[in-house]
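Structure at a glance
Spelled out from the first residue to the last, the chains are:
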Amino acid sequence: MLLLYHDIGCVINEHKAWGNKFVDNLATDIRSAFPNSKGYSVRNLKYMAKFAEIYPDREFVQTVSAQIPWSHNIAILEKVKDQEQRVWYIKKTAENGWSYNVLVHQIESGLYQRQVLADKVTNFENRLPSPQSELAAQTMKDPYVFDFISFREDNTQEIKTLRKQYA
């Protein structure tokens, strides 16, 4: 299915010079020719064009991108601008079996920045044998994200109490 969407996106991109009405007319023509088919709305056709533009390599589409559903690919296309980050999120989604909502949350909470870009200072490799050191490093990779808690400026006393409790 992803290769079909990629091919349709390539056709749309080849005919960009025909204007925006080309996509509108194509969606109408597909609906007329295949009334029982779903997934060929104007919006989805534009996603197909963007998908083909961003991933021009058919082999990448077939091997890497095909590991996750179309909706997940669209979320990554829309929310992640860097190609290296896109590939990372695709691989992590396939590896962990993330749902659409979990994927979006991971992107919006900056998981890539926390796990890949953040400097991690530990001595696990020096103090623990190989399997345990890797497990400990993976466990400590993702810091706590408390973005679901709404703090106000007048919550300073509660924050001080929490710091004392968990210090």
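Scroll up to find the structure.
Let me sum up the structure you'll find in this document. (Residues numbered from 1 in each chain as written. Predicted model: local features only at pLDDT ≥ 70, side-chain atom pairs only at ≥ 80, totals over all residues. Heavy atoms only, no water.)

1. Re the nonpolar core
With 36 residues, the main nonpolar core has Ile12, Leu45, Tyr55, Trp70, Ile76 and Tyr89 as its most contacted residues. Taken together, the elements giving at least two residues each to this core come down to α1 (2-14), α2 (21-33), α3 (42-54), α4 (58-63), α5 (70-79), α6 (83-96), α7 (100-108) and α8 (111-117). The residues touching Tyr55, leaving out its near neighbours within four places in the chain, are His6, Phe60, Val61, Ile76, Leu77, Gln83, Arg86 and Ile90. (Core = buried A, V, L, I, M, F, W, Y, C linked by side-chain atoms within 4.5 Å. Buried < 20%, exposed > 50% of the residue type's maximum accessible area, 1.4 Å probe, protein only. Helix = DSSP H or I, 4+ residues; strand = E, 2+ residues; numbered from the N terminus. Contact = heavy atoms within 4.5 Å.)

2. A short note on the pattern of salt bridges
Considering all chains together, one arrives at six salt bridges under this definition. Ionic pairing is found between Glu53 and Lys16, a salt bridge with its closest N-O pair at 3.1 Å. Within this pair, whereas Glu53 is found in helix α3, its partner Lys16 is found in the loop between α1 and α2, the two being separated by 37 residues in sequence. With relative accessibility at 47%, the residue Lys16 sits in the partly exposed group. Of the charged contacts in the structure, one is a salt bridge between Lys92 and Glu95, with a shortest N-O distance of 3.5 Å. Here Glu95 and Lys92 lie together in helix α6, a separation of three residues that amounts to about one turn. (Salt bridge = Lys/Arg side-chain N within 4 Å of Asp/Glu carboxyl O.)

3. What about the packing of aromatic side chains?
Applying the stated rule across the entire model yields nine aromatic pairs. Their ring planes at 85° and their centres at 5.1 Å tell us that Trp88 and Tyr89 sit as a pair that is edge-to-face. The same class applies to Trp88 as to Tyr89, namely buried. Taken together, a centroid distance of 6.4 Å and an interplanar angle of 45° make the contact between Tyr89 and Tyr112 tilted. Taken as a pair, Tyr89 in helix α6 and Tyr112 in helix α8 lie far apart in primary sequence, 23 residues in all. (Phe/Tyr/Trp six-rings, centres within 6.5 Å; stacked < 30°, edge-to-face > 60°.)

4. Here we look at the packing of α5 against α7
Contact geometry of α5 with α7 gives a least axis separation of 10 Å together with a crossing angle of 15°. If you check the angle between α5 and α7, you find them roughly parallel. Every pair of crossing elements has a handedness; the one defined by α5 and α7 is right-handed. Residue-level contacts link Ser71, His72, Ala75, Ile76 and Lys79 of α5 to Tyr100, Leu103, Val104, Ile107 and Glu108 of α7. Split into classes, the residues belonging to the contact of α5 with α7 amount to six nonpolar, two polar and two charged. (Axes fitted to C-alpha atoms, helices over the stretch in contact; angles between N-to-C directions. Parallel < 35°, antiparallel > 145°, perpendicular 65-115°, else oblique. Left-handed = near helix turned anticlockwise from the far one by under 90°. Nonpolar A, V, L, I, M, F, W, Y, C, P; charged D, E, K, R; others polar.)

5. Quick look at α7
Restricting attention to buried positions, one finds in α7 the residues Leu103, Val104, Gln106 and Ile107. Relative to the axis of α7, the buried residues are bounded by an arc of 160° and lie together on one face. Across from the buried face of α7, at angles greater than 90 degrees, the exposed residues are Asn101 and Glu108. (Arc of directions from axis to C-beta.)

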